[in-house]
Amino acid sequence: MSKKQIDEFSGTETTGHDWDGIRELNSPMPRWWVWTYYATILWAVAYWIAMPAWPLLSDYTRGLLGHSQRAQLSDQIAAVKAGQADLIARTAKAGLTEIQADPELLEFALAGGRSAFAVNCSQCHGTGASGSDGYPNLNDDDWLWGGTVAQIEATIQYGIRADHDDTRISEMPAFGRDEILNPQQVDEVADYVMALSRDDDLAESLPGKALFSENCVDCHGAGGKGNSELGAPNLANGIWLYEGGKPAVVDTITHSRSGMMPAWVSRLDQVAIKQLAVYVHSLGGGE
Ligand code: HEC
Ligand code: HEC
């Protein structure tokens, strides 16, 4: 080793390296920087040992502290559930009207009902429960099977024409297809049905009125006001289950419809069903 060389301009020691007369100054990294650097390496090694770190072929190193984000998440979920346990237990015991009368249970039911509806019901009834062709709008006060909260609960429990002994059931005959009425009679009674929601005087004067009295009032009631015991819709309020208009009405009278809704009693727990009934009842049309 040659003796230290000092750069004459800066007064700093050089490394002794020389390129075509240009000498490299010896300016090492500051100590604090180097020590911080070593500390991060130590930290990394300690972290590998303590925490889950390295992937293996079919597993990973789990670390001595046994930390797991999955376990953390299920702890958090369990904590939320425990927080709700009291509300769930009270909902399970309470009757529907008790739930509606208790602000805390009501709020819990509306939140639970809304999310259960989004998961289970919106495919058929639409996200806002506004329905579509063949699937009733649940926001209006026109009900096929009754709009009290208890009737709504029964509909949800057992479904409509569903695979359950207590399901709601009734079959409108296929008047045209089964030749109970001939095509002209179907046309006449359809004209009468169309007039019911538009012009009472006109309806009174139509030949379809007599046909309606003979064939339809047993289910749809006098003046077509409907019957929720039989799920027979009100035909006089201008709200249609199957797209309004005479062609759809002729189609219904000819072939009948028999809309189906699944029974939920075996798919959802009773708390969820109560919450759904309260939620649907709250949508605006509850009786
Ligand atoms: C597979 C489609 C489908 C699903 C899913 C479905 N429904 Fe229905 N729902 C129907 C049909 C179709 C009707 C009408 C049946 C008829 O013509 O009588 C109906 C009728 C109803 C009625 C009666 C309306 C009235 O006017 O009386 C209520 C209440 C109801 N559904 C609530 C629900 C709730 C709550 C859920 C979710 C748990 C749900 N539905 C899921 C198809 C469905
Ligand atoms: C046995 C009972 C029953 C009889 C009788 C009956 N209906 Fe119905 N009707 C129903 C039911 C139940 C529905 C509900 C639709 C379904 O099946 O999904 C319905 C639906 C309808 C609809 C569709 C309403 C809408 O909102 O889209 C029309 C229109 C209708 N009926 C007309 C008639 C006419 C006209 C007659 C007589 C010629 C008649 N019905 C006889 C039970 C009956």
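1. A look at the site of ligand 2
- Taken together, 26 residues sit near ligand 2, with M172, C216, C219, H220 and L241 positioned nearest.
- Note that an oxygen atom of ligand 2 is positioned 3.4 Å from one of the side-chain N or O atoms of R161.
- At 2.7 Å, a backbone N or O of L241 approaches an oxygen atom of ligand 2.
- Within the residue set of the shell around ligand 2, elements represented by two or more residues are α10 (217-220) and α11 (246-255).
- Counting residues per element, the shell around ligand 2 draws most heavily on α11, which supplies three residues.
- Split by residue class, the shell around ligand 2 holds 16 nonpolar, seven polar and three charged.

2. Observations regarding the pairing of strand β1 (residues 14-19)
- Bridging between β1 and strand β2 (residues 22-25) involves three bridges; their strand directions are antiparallel. By the bridge assignment for β2, W19 is matched with I22.

3. A closer look at the layout of surface pockets
- In this model, the second largest pocket occupies a volume close to 240 Å³.
- What lines the second largest pocket is K81, Q84, I88, F108, A111, G112, S115, A116, D269, V271, A272 and Q275.
- Here the element with the most residues in the lining of the second largest pocket is helix α4 (residues 103-120); it accounts for five residues.
- Across the lining of the second largest pocket, the residue classes break down as six nonpolar, four polar and two charged.

4. Considerations on the packing of α4 against helix α12 (residues 270-282)
- Between α4 and α12, the shortest axis-to-axis distance is 7 Å and the interhelical angle comes to 90°. Taken together, the axes of α4 and α12 lie roughly perpendicular to each other. Where α4 abuts α12, its residues L106, F108, A109, L110, G112, G113, R114, A116 and F117 lie against Q275, L276, V278, Y279, V280 and S282.
- Residue composition of the contact of α4 with α12, by class: ten nonpolar, four polar and one charged.

5. Structural notes on the domain arrangement of the protein chain
- The assigned domain composition of the protein chain is domain 1 (1-67), domain 2 (71-166 + 261-282) and domain 3 (183-255).
- Inter-centroid distance (C-alpha atoms) of domain 1 to domain 3 is 89 Å.

6. Some details on helix α9 (residues 208-215)
- For α9, the set of buried residues is G208, L211 and F212. Along α9, the residues classed as buried sweep out an arc of 100° about the axis, all on the same side.
- On its buried side, α9 packs onto α7 (183-196) and α10.

7. Digging into unusual backbone geometry
- Despite not being glycine, D20 has its phi angle at roughly 45°, a positive value.
- Following the sequence through the fold, D20 ends up in the loop between β1 and β2.
- With a phi close to 55°, E179 is a non-glycine residue in the positive phi region.
- Tracing the chain through its elements places E179 in the loop between α6 (149-158) and α7.
- For E179, a relative accessible area of 70% gives the class exposed.

8. Points about the coordination of the iron atom of ligand 1
- Taken together, the protein ligands of the iron atom of ligand 1 are H125 (NE2) and M261 (SD), with distances of 2.0 Å.
- Each of the six donor atoms around the iron atom of ligand 1 contributes to a set of angles spanning 88 to 179°, which defines the coordination as octahedral. Remark: M261 occurs in the loop between α11 and α12 and H125 occurs in helix α5 (residues 122-125); sequence separation between them is 136 residues.
- A relative accessible area of 17% places M261 in the buried class.

9. Topic: the nonpolar core
- With 29 residues, the main nonpolar core has F117, I156, L276 and V280 as its most contacted residues.
- Looking at which element gives the most residues to this core, the answer is α12, with seven residues.
- Among residues more than four places away in sequence, those in contact with L276 are G113, A116, F117, C121, I156 and L268.
- Within the second largest apolar cluster, 18 residues are counted, among which are L181, M194, A195 and V249.

10. Some remarks on the environment of N182
- Tracing the chain through its elements places N182 in the loop between α6 and α7.
- Given a relative accessible area of 38%, N182 falls into the partly exposed group.
- The spatial distance from the C-alpha of N182 to the C-alpha of T254 is 9.4 Å, given a sequence separation of 72 residues.
- A distance of 3.0 Å separates a polar atom in the side chain of N182 from the backbone nitrogen of Q184.
- A polar side-chain atom of N182 sits 2.8 Å from the main-chain amide nitrogen of Q185.

Reading guide: rules and limits
- Residues numbered from 1 in each chain as written.
- Chains lettered and ligands numbered in written order.
- Predicted model: local features only at pLDDT ≥ 70, side-chain atom pairs only at ≥ 80, totals over all residues.
- Heavy atoms only, no water.
- Near = heavy atom within 4 Å.
- Polar contact = N/O pair within 3.5 Å; in protein donor to acceptor, adjacent residues only side chain to side chain.
- Helix = DSSP H or I, 4+ residues; strand = E, 2+ residues; numbered from the N terminus.
- Nonpolar A, V, L, I, M, F, W, Y, C, P; charged D, E, K, R; others polar.
- Pairing = 2+ DSSP bridges.
- 1 Å grid on protein atoms, 1.4 Å probe; cavity = no way out; pocket = protein on both sides within 12 Å on 5 of 7 lines; lining within 4 Å.
- Points joined across faces, edges and corners; volume = space filled by probe spheres on them.
- Axes fitted to C-alpha atoms, helices over the stretch in contact; angles between N-to-C directions.
- Parallel < 35°, antiparallel > 145°, perpendicular 65-115°, else oblique.
- Contact = heavy atoms within 4.5 Å.
- Domains from an automatic or database assignment.
- Buried < 20%, exposed > 50% of the residue type's maximum accessible area, 1.4 Å probe, protein only.
- Arc of directions from axis to C-beta.
- Donors = N, O, S within 2.8 Å, 3.2 Å for Na, K, Ca; no water.
- Tetrahedral: all angles 85-135°; square planar, octahedral: opposite > 155°, others 65-115°.
- Core = buried A, V, L, I, M, F, W, Y, C linked by side-chain atoms within 4.5 Å.

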